[in-house]
Amino acid sequence: MPTRRQLIGAAGVAACGAALAGCAGEAGPAVVPPGVKGKVVAKVADVPVGGGTVLAKWKIVIAQPSAGVFKAFSASCPHRGCAVSRPAEGVIRCPCHGSEFDAVSGKCLKGPAEAPLAEFALKVEGDGIVML
């Protein structure tokens, strides 16, 4: 017969497992880094068509996969948290282990990362890019 301590420990392990299983589903909207929401973080002219830029200060990568279309993602690779490089040829690459992500959707194209880059909402106001 298990002791009270063993039963409480087993219940704790089960609760943690259930909580982690709940995290395995679809990710919700990414939380914009503190101090960025509502601010102009880049100029449209600084984000080349077919490429992009990394805002190291906020760990955000902004891509312009086609003219006038801007996307913002976390600049931290979901594999090990390395900083990704700026987008080129429609791909965002992680220099640490070779993961690649689609610059339009953030979807993982090549591992070892298995999850996509977290996407942030943004809008263009005049010549500035504003995080929402």
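Just so it is clear, the structure is predicted and the values come from calculations on it, not from any experiment.

What counts, and where the lines are drawn
- Residues numbered from 1 in each chain as written.
- Predicted model: local features only at pLDDT ≥ 70, side-chain atom pairs only at ≥ 80, totals over all residues.
- Heavy atoms only, no water.
- Helix = DSSP H or I, 4+ residues; strand = E, 2+ residues; numbered from the N terminus.
- Buried < 20%, exposed > 50% of the residue type's maximum accessible area, 1.4 Å probe, protein only.
- Contact = heavy atoms within 4.5 Å.
- Areas by Shrake-Rupley, 256 points an atom, 1.4 Å probe, with all protein chains shown as cover.
- Pairing = 2+ DSSP bridges.

Here's the deal with the overall build of the protein
A count of helices and strands for the protein gives one helix and ten strands. Of the regular secondary structure in the protein, the N- to C-terminal order runs α-β-β-β-β-β-β-β-β-β-β. Taking all 132 residues of the protein together, the buried fraction comes to 32%. Summarising the internal contacts of the protein: among those between residues at least 6 apart in sequence, 43% fall at separations of at least 24. Summing over all exposed atoms, the protein offers an accessible surface of approximately 8000 Å²; the carbon and sulfur share of this is 60%.

Notes on the sheet that holds strand S4 (residues 69-74)
A sheet is described by the order of its strands in space; here four strands give the open sequence S2-S3-S4-S8, paired in antiparallel fashion. Looking along the sheet, the strands with just one partner apiece sit at the ends: strand S2 (51-55) and strand S8 (119-120). The pairing of S4 with S8 spans two bridges and is classified as antiparallel. Paired with Phe 73 across the two strands is Glu 119, which belongs to S8.

Topic: the side chain of Thr 53
Structurally, the position occupied by Thr 53 is in strand S2. Leave out the neighbours within four places in its chain, and Thr 53 touches Asp 46, Val 47, Ile 60, Val 61, Ile 62, Arg 86 and Pro 87.

Things to note about the pairing of strand S9 (residues 122-125)
In this sheet, strand S10 (residues 128-131) lies alongside S9 in antiparallel orientation, the contact comprising four bridges. Following the sheet pairing, Leu 122 is matched in S10 by Met 131. Between S9 and S10, which pair antiparallel in sequence order, lie two residues; one of them, Gly 126, sits at a positive phi of approximately 65°.

Regarding unusual backbone geometry
One non-glycine residue, Lys 59, adopts positive backbone phi at about 55°. As for its position among the elements, Lys 59 is in the loop between S2 and strand S3 (60-66). Phi at Glu 89 is positive, roughly 55°, even though this residue is not glycine. Locating Glu 89 in the fold gives a position in the loop between S4 and strand S5 (91-93). Here Glu 89 falls in the exposed class, since its relative accessible area comes to 74%.

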